[in-house]
Amino acid sequence: MSLTVSNDLLDRAKAGEVDDAAFVACVRDSLPYAWSVISELVRQRTSTGAEFADNTVPPPDETARGQLLRCLASDSMRGALERHFGVKLAFQNCHRVAVFDPAATAAHAEFITARSQILNQSPELVDC
């Protein structure tokens, strides 16, 4: 299961739309490793003023890796986090998360190319 959803949030979803704040809180509480990686990258990018910040450190275990994969593979989770933090997210392999300033379209476009993905490969990442 991707998220741990409270009965209250489930009831709200059954009754209609769920607002971003409630959904983001559910993601934060359900996927703490993914949340910590992304929020730290947002902090780094903001403090440096760089076009983007990225994580190159593999997760400490499979549980953490799974959190990143679930969070970034979900369009709804990714979109909610992008709106919450005011950034554009990108993802390579099983751990290289990048947080982009929304205006950094060239840097983002380069990060998501096939060339960039291939250059980011290494033997230890084949089965991550």
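The rules behind the values
- Residues numbered from 1 in each chain as written.
- Predicted model: local features only at pLDDT ≥ 70, side-chain atom pairs only at ≥ 80, totals over all residues.
- Heavy atoms only, no water.
- Helix = DSSP H or I, 4+ residues; strand = E, 2+ residues; numbered from the N terminus.
- Buried < 20%, exposed > 50% of the residue type's maximum accessible area, 1.4 Å probe, protein only.
- Contact = heavy atoms within 4.5 Å.
- Areas by Shrake-Rupley, 256 points an atom, 1.4 Å probe, with all protein chains shown as cover.
- Axes fitted to C-alpha atoms, helices over the stretch in contact; angles between N-to-C directions.
- Left-handed = near helix turned anticlockwise from the far one by under 90°.
- Nonpolar A, V, L, I, M, F, W, Y, C, P; charged D, E, K, R; others polar.
- Pairing = 2+ DSSP bridges.
- Core = buried A, V, L, I, M, F, W, Y, C linked by side-chain atoms within 4.5 Å.

A closer look at the overall build of the chain
- Tallying secondary structure elements over the chain gives seven helices and three strands in all.
- Listed by position from the N terminus, the elements making up the chain come as α-α-α-β-α-α-β-β-α-α.
- Going through the 128 residues of the chain one by one, you find that 42% of them count as buried.
- Within the chain, contacts between residues separated by at least 24 positions form 61% of all contacts whose residues are at least 6 apart in sequence.
- Here the chain displays about 7,200 Å² of accessible surface, and carbon together with sulfur accounts for 54% of that area.

Considering the packing of helix α3 (residues 32-48) against helix α5 (residues 75-85)
- Contact geometry of α3 with α5 gives a least axis separation of 11 Å together with a crossing angle of 35°. Viewed along their axes, α3 and α5 form a crossing whose handedness is right-handed. On the side of α3, the interface is formed by Trp35, Ile38, Ser39 and Val42, while α5 contributes Leu81, His84 and Phe85.
- Classifying every residue of the contact of α3 with α5 by side-chain character gives five nonpolar, two polar and no charged.

Digging into the sheet that holds strand β1 (residues 52-54)
- In spatial order, the strands read β1-β3-β2; together these three strands make up an open sheet with antiparallel pairing. If you trace the sheet from one side to the other, it starts and ends with β1 and β2 (88-92), each paired once. Each neighbouring strand pair of the sheet contributes to a mean axis angle of 20°, computed without reference to strand direction.
- Pairing geometry for β2 and strand β3 (residues 96-100), over five bridges, is antiparallel. By the bridge assignment, Phe91 is partnered in β3 with Val97.
- Where α3 meets the sheet, its contacts fall on β1, β2 and β3, and the angle it forms with β3 comes to roughly 45°.
- Sitting on the sheet, helix α4 (residues 62-73) touches β2 and β3, and the angle it makes with β2 is about 130°.

Remarks on the side chain of Glu82
- Note on placement: Glu82 falls in helix α5.
- Contacts of Glu82, omitting those with residues within four sequence positions, involve Val87, Lys88 and Leu89.

Some words on the nonpolar core
- Counting residues in each nonpolar core, the largest one holds 28 residues, and the members touching the most others are Val27, Ile38 and Leu81.
- Listing elements by their share of this core, those giving two or more residues are α2 (20-30), α3, α4, α5 and β3.
- Residues contacting Val27, with those up to four places away along its chain left out, are Leu3, Cys71, Met77 and Leu81.
- Listed in part, the six residues of the second largest apolar core include Phe100, Ala104, Ala107 and Phe111.

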